[in-house]
Every structure is written in structure tokens, then in C-alpha cells.
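Per-entry structural report
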Amino acid sequence: MNELDMIRTLLDEEPPSAEVIGEGRQRIAAGRTGPRRRRARPVLPAVGLAAAALVAAGATTLAATAGPPGSPAGGTLTATELAYRAAAAAARQPEVHPGQWVYRKYLTKTLTKEFPSRTTEFWTTADSLKAAWVSARGRVHFFSGLASLGLTAVPVKKVHGTWAFFGFLRLPVKYADLGSLPRSPKALDRYLGRLLPSSLGPVGDREFLIIEEMLTAYEMPPALTAEFYRALGGIPGITVDTHAVDVAGRHGVAFTLKKPVALGVTPEIIVNPRTYQLMASEVLIPRTPGSAGPAVSAAGTAILQKVPVSGPGIRP
Amino acid sequence: MRARSRADCVPGGVPASFTGVYEQFFADIHRYIAGRLGRDVADDIAADTFVIALRKHGSFDAGRGPVRAWLFGIATNLVAQHRRAEQRRYRALGRVRAEEPAGGHEDRVLSWVAAAQMRPQLARALARLSPEERDVLLLVALADLSHEEISQALAIPYGTVGSRLNRARKKVRAALGQKGQIDE
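Residues numbered from 1 in each chain as written. Chains lettered and ligands numbered in written order. Predicted model: local features only at pLDDT ≥ 70, side-chain atom pairs only at ≥ 80, totals over all residues. Heavy atoms only, no water.

Examining the overall build of chain B
When you go through chain B residue by residue, the secondary structure sums to nine helices and zero strands. For chain B, the proportion of its 184 residues judged to be buried stands at 53%. Restricting to contacts in chain B with at least 6 residues of sequence separation, those with at least 24 account for 61%. For chain B, the accessible area works out to roughly 8,600 Å², and carbon and sulfur atoms hold 50% of it. (Helix = DSSP H or I, 4+ residues; strand = E, 2+ residues; numbered from the N terminus. Buried < 20%, exposed > 50% of the residue type's maximum accessible area, 1.4 Å probe, protein only. Contact = heavy atoms within 4.5 Å. Areas by Shrake-Rupley, 256 points an atom, 1.4 Å probe, with all protein chains shown as cover.)

What follows is the structure, given as C-alpha cells:
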């Protein structure tokens, strides 16, 4: 950790809330500087409105309006704005102790016969050092020692009538090393992009895949989770799918890439359109050029429930 | 049909392109100001940055550099009006004992302990930098601006950015008891 990283650690603050962002918009429209006044009457600004200079600067247009109930912010939602909203939502979450047990209920679907659709209950600690599942007879089974291998457990195969863990996903960053990650979104993007081999595709694709893994596998400190979302918004080629549907049939808003990744599929990170919390991940097979219809879901995981609990085997 | 924004409905209101600038950069500006002056003050000053930017946007010259650098220049000028508050913040940060991590891997705890022990020296070092050195250092650390962007934001020569940054980092490293080459 060099002195710049230490400065960031010392001075870094939470991102602005949606309320603060909204108040700022009102103040700009009112042309008002100075301390906030909660019930100030708006003053119409008398400013020249030639916008050519800013348009030439390559500003991104955003219609910052609230959409109808049940839908995300109407109009065009940029990846940057979605990232900020998701970051703000993540930053508001309570801190979770690394050893805190978390109950997870996931619905996983694939197109392959070997891994049919299934709903899985399992427990992990926030840092994924430990994992547990409960057999049909109610007995708690543990996996341990995952952190030493840099692995996190992934439910894959049925054992004793219950989906359990026989697959392990090697995460690119151990939980113990999260504190040493770069704190600015750009630096985090650069760092993450170098962790996977270039054979997987452009650096932006690799960043997206790592962020998806980290958000799903770990319960990271809220501030760091927020930085991951901010980094996600800065990935080249990132865009937003406001009509995303997860494998559980729930509608959400997704971060996605404009072009398919190396395997020819399009990954999505889906957040709740109201709370902007992580809801699901999915991999889509893009439409064949010239064909009608939406992209086909090749595989996906929907987070049905994720709740801190007092211990393994305890259900909320 | 795109829904009309509140700004669209205000006579003489905010142009759509500036709204996009706000949405794109507000959080970055807020984060920079919050790091220097604290979060509560940042809410107001970050908004002020864009109000001033809107007033001045007719004079913005895209040929001189990106709008992002221009915005950080406005923000830095506003921060300069709160020097005493900034100094108080650093002194306060130097006194506050950061919360210890609740358990966890030994390596992570050790690196946290090392950083936490440096906290008072780091805060004092930042407070003792000249305003010019601190501006450059924190535009790198908190805003992730390049040397060229800092040159544009602060309207100083490119070479001056490098020399001020180098001096600032050496002073901070000396305060932390670190020696050796500074890696860019």
C-alpha cells in the first residue's frame, strides 16, 4: 500500500445518496448556491442556454426523470447512473462481520442436462472461508479451508437428496486481500482487468466477469461493494438493459456489455429496479442477426434470499 | 416518447446536455470534496460546483481540455475557500482512532494495523503541505486525474504539476518514515 492508497483509505467517504443527487439537480435548476434549504422556493434562473460547448465535450445525455411505478427511472438510464445508484444502495447496507453466517437461497438454471434447474439453500460466512449445507435429514455439513485455496463453494451436485457443494470457484482476489484493493473506480478497473488471462477477451470483458464473481461470492464491506459498482459503471462498452428478466422471472435492470464476450455470450448483472441491490446474474445467447425475438438465457442464478443468520443451518 | 424532466419545464432551465454532465460527474466531484472537507459540507459544495459550471458553461472551451478537468478546477477553487475547515478535518482525522476489524485473516489485520498506525502522521502531513501541493496530490489520490487534466483544472504548466506532486509525495512519505523511489 503506497501513500496514495493510504490517503484514499484515510479520506474516502461514502458516495452521495440519491436524495443528495436529487437536491443538487433542484439547486442547479434554481441557480442557487449556498447551504441546503429543505423547503426553499425555486428561483427561475436567468442564464444563457447555449449548450454547444458542453455538447462538444462529449457529455452524455440523461433524462433524469422518475418512471412510472414498478419501473426503473424512465427514459435513458446510463451505466454510470445505474452504477451510482447501485453504489449508493450498497453503501447504505450495514457492515457484516467477515465471520458472519449468511443464509442464501438461489435458483440456478442452465441449458445443459447435467445441471438442471434447481433451488439451493446453503450457508457461507461473509468471507467465504466456511460453507455449509443441510441434508434432507436436517444434518449440517461443512466445507472449510476454502480461503487457503482462494476458492468459494458453488452448489453443483445433489447429495443425499439435497443440492450440495462439489464445485469450487477460484476467485481472483481472496477476501483477506480486499483491504489492499485500489479504492478509486478507475484504478480498481485497471487492477481487476489484469487478473484474468487476455484469452478471455478485452480487458473490459474480464473486468465485468471478475466483478460479477466478486459481488456474488462475497459479502464485502459496504464501501468496497459500492466501489465495485462504480468500477462496473466505468468499464468500456458497458451498457444498461432496462428490460432484464432473471431466471426466476423477475424484472430488473441489468449492467451488460454491448458486445458478447469471448464465448459469444452476453453476461448480465441484474439489480432490483427499486432498491438497486444485486438480484441475479445471467448469461444470454444473443439473437442471430436478422432473427426476431429476445436473447435466450443460457444460464443464470437468481438470488431468492440472502440474509445474515446466527449460524449454519439456521433459516431466517 | 421521453418524459419531460423538471428542468425541461423550467423556462430558461437547464439544457439537457448539462444535465448529462451533472449525472456523469456529480458523484466524482462529491467524492473529491467529501474527502477534503467531509461529507456534510460536500453535499452543498458539490452542488455549488455545478451551479457555477452552469453559469460559466458558455465560456467553457472544449479545446482546452475535458469538461471533467474543468469541473474539478471549479471544485478545487471552492475547496480553497474552506481551507480552515479542511485543516480542522485533517486534525480531527489524525485524532480519531479507526475501528479495528472484527477478526479476519491475519494478513489483512496486519496491513490494516500498519495503515491505522500511520493515520496521525498522514493527517498531519496533509495539513502541513502547501495548498498548491495538497491540491495536486489530492486531485491524483481522490479524483484520479492525470497530470494533463490537473494542469488544465488548475491552469498551471504541465511540468509544475509533476514537480508539486513529487514534492508532496516526498513530504508525505518522509512523514510516514518511508524512503526510496516514488512509483508513479
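Thoughts on the overall build of chain A
Across its full length, chain A carries eight helices and eleven strands. The 316 residues of chain A split such that 51% are buried. In chain A, once contacts between residues fewer than 6 apart in sequence are set aside, the share between residues at least 24 apart is 52%. Carbon together with sulfur atoms contributes 56% to the accessible area of chain A, which is approximately 14,700 Å² in total.

Things to note about the packing of helix α4 (residues 79–91) of chain A against helix α8 (residues 222–233) of chain A
Residues and elements named next belong to chain A. Interhelical geometry of α4 versus α8 gives an angle of 175° and a closest axis separation of 8 Å. One way to sum up the angle between α4 and α8 is to call them roughly antiparallel. When α4 is examined against α8, the residues Ala79, Thr80, Ala83, Tyr84, Ala86, Ala87, Ala90 and Ala91 are found in contact with a partner set consisting of Pro222, Thr225, Ala226, Tyr229, Arg230 and Gly233. Residue composition of the contact of α4 with α8, grouped by class: ten nonpolar, three polar and one charged. (Axes fitted to C-alpha atoms, helices over the stretch in contact; angles between N-to-C directions. Parallel < 35°, antiparallel > 145°, perpendicular 65-115°, else oblique. Nonpolar A, V, L, I, M, F, W, Y, C, P; charged D, E, K, R; others polar.)

A few points about the pairing of strand β7 (residues 238–245) of chain A
Residues and elements named next belong to chain A. Pairing analysis gives six bridges linking β7 to strand β8 (residues 251–257), with the strands arranged antiparallel. For isoleucine 238, the partnering residue across the bridge sits in β8 and is leucine 257. Connecting β7 to the antiparallel partner β8 that follows it, the hairpin turn spans five residues, and glycine 249 within it adopts a positive phi of roughly 85°. (Pairing = 2+ DSSP bridges.)

Observations concerning the confidence of the model for chain B
Do not read the fine detail of predicted coordinates wherever pLDDT is low. Residue and element names in this part refer to chain B. Taken residue by residue, chain B gives an average pLDDT of 78. The fraction at 70 or more is 71%. Averaged pLDDT values over the elements of chain B bottom out at 30 in helix α1 (residues 6–9) and peak at 96 in helix α7 (residues 131–141). Counted against residues more than four places away or in other chains, residues 1–12, with its pLDDT under 50, gives 19 contacts. Both scores are given for the predicted complex: the pTM is 0.50, the ipTM 0.80. (pLDDT = per-residue confidence, 0-100.)

Observations regarding the nonpolar core
If you look at the biggest cluster of nonpolar residues, it comprises 59 residues, and the most contacted ones within it are Leu11(A), Tyr32(B), Ile33(B), Phe50(B), Leu71(B), Leu126(B) and Leu137(B). It is helix α2 (residues 16–37) of chain B that contributes the most residues to this core, ten residues altogether. Setting aside anything within four residues of it in sequence, one finds Leu137(B) in contact with Leu4(A), Ile7(A), Leu126(B), Leu129(B), Leu165(B), Ala168(B), Arg169(B) and Val172(B). The next biggest cluster of nonpolar side chains, apart from the first, holds 44 residues, and it includes Ala90(A), Leu224(A), Tyr229(A) and Ile303(A). (Core = buried A, V, L, I, M, F, W, Y, C linked by side-chain atoms within 4.5 Å.)

Here's the deal with the packing of aromatic side chains
Residue and element names in this part refer to chain B. Tallying each qualifying case throughout the model produces seven aromatic pairs over all chains. Note on tyrosine 22 and phenylalanine 50: the rings are 5.1 Å apart at their centroids and 80° apart in plane angle, and the pair reads as edge-to-face. In this pair, tyrosine 22 sits in helix α2 while phenylalanine 50 sits in helix α3 (residues 39–56), placing the two residues 28 residues apart along the sequence. Grouping residues by exposure puts tyrosine 22 and phenylalanine 50 together as buried. The rings of Tyr22, Phe26 and Phe50 are connected pair by pair, giving a single aromatic cluster. (Phe/Tyr/Trp six-rings, centres within 6.5 Å; stacked < 30°, edge-to-face > 60°.)

Things to note about the confidence of the model for chain A
Residue and element names in this part refer to chain A. Per-residue confidence for chain A averages 72 on the pLDDT scale, and 71% of its residues sit at or above 70. For chain A, per-element mean pLDDT is lowest for helix α3 (residues 52–56), which scores 28, and highest for β8, which scores 92. pLDDT under 50 marks residues 147–153. Its contacts with residues more than four places away, or in other chains, come to 24 contacts.

Comments concerning helix α5 (residues 83–95) of chain B
Residue and element names in this part refer to chain B. For α5, built from 13 residues, the straight-helix expectation of 18 Å at 1.5 Å per residue is met to within 8% by its first-to-last C-alpha distance of 19 Å. Residues of α5 that are buried: Glu86, Arg89, Tyr90, Leu93 and Gly94. One side of α5 carries all its buried residues, which in axial view fall inside an arc of 130°. Relative to its buried face, α5 has exposed residues pointing more than 90 degrees away, namely Arg84 and Arg95. (Expected span 1.5 Å × (residues − 1). Arc of directions from axis to C-beta.)

Structural notes on the environment of Ala91(A)
Residue and element names in this part refer to chain A. Its location among the elements puts alanine 91 in helix α4. The exposure class of alanine 91 is buried, given its relative accessible area of 8%. For alanine 91 and leucine 224, which are 133 residues apart along the polypeptide, the C-alpha to C-alpha distance reads 8.1 Å. Sequence-distant contacts of alanine 91, that is, excluding residues within four places in its chain, are made with Glu14, Pro15, Pro222 and Ala226.

What about the pattern of salt bridges?
Applying the stated criterion to the full structure yields 21 salt bridges over all chains. Across the salt bridge formed by Glu81(A) and Arg25(A), the nearest N and O atoms sit 3.9 Å from each other. Here the residue Glu81(A) occupies a position in helix α4, and Arg25(A) occupies one in helix α2 (residues 18–30), the gap between them amounting to 56 residues. A cluster of three or more residues bridged by salt bridges with shared partners is formed by Arg36(B), Arg83(B), Glu86(B), Arg134(B) and Asp135(B). (Salt bridge = Lys/Arg side-chain N within 4 Å of Asp/Glu carboxyl O.)

A closer look at the packing of helix α8 (residues 147–154) of chain B against helix α9 (residues 158–175) of chain B
Residues and elements named next belong to chain B. At a minimum axis distance of 8 Å, the contact between α8 and α9 shows a crossing angle of 105°. When the interaxial angle is binned, α8 and α9 end up roughly perpendicular. Residue-level inspection shows His147, Glu148, Ile150 and Ser151 of α8 in contact with α9, the latter providing Tyr158, Val161, Gly162 and Leu165.

Points about a positive patch on the surface
Residues and elements named next belong to chain B. A contiguous patch of positive charge, built from Arg84, Arg88, Arg91 and Arg95, is present on the exposed surface. Along the chain, arginine 91 falls in helix α5. Residue class for arginine 91 comes out partly exposed when judged on its relative accessible area of 46%. (Patch = residues over 30% accessible without salt bridge, like charges linked within 9 Å, V, L, I, M, F, W, Y side chains within 5 Å. Lys, Arg positive; Asp, Glu negative; His and termini not counted. Charge placed at Lys NZ, Arg CZ, Asp CG, Glu CD.)

Here we look at the pairing of strand β10 (residues 278–285) of chain A
On a regular strand, each side chain points to the face opposite its neighbour's, so the side chains alternate between the two faces of the sheet. Residues and elements named next belong to chain A. Most of β10 is tucked away, with six of its eight residues classed as buried. Bridge count for strand β9 (residues 266–271) against β10 is six bridges, and the pairing is antiparallel. Within β10, the residue paired with proline 267 across the bridge is valine 283. Turn length for the β9-β10 hairpin, with the two strands adjacent in sequence and antiparallel, is six residues, and the turn residue tyrosine 276 shows positive phi of about 60°. Taken together, the six bridges between β10 and strand β11 (residues 296–309) define a ladder with antiparallel strand orientation.

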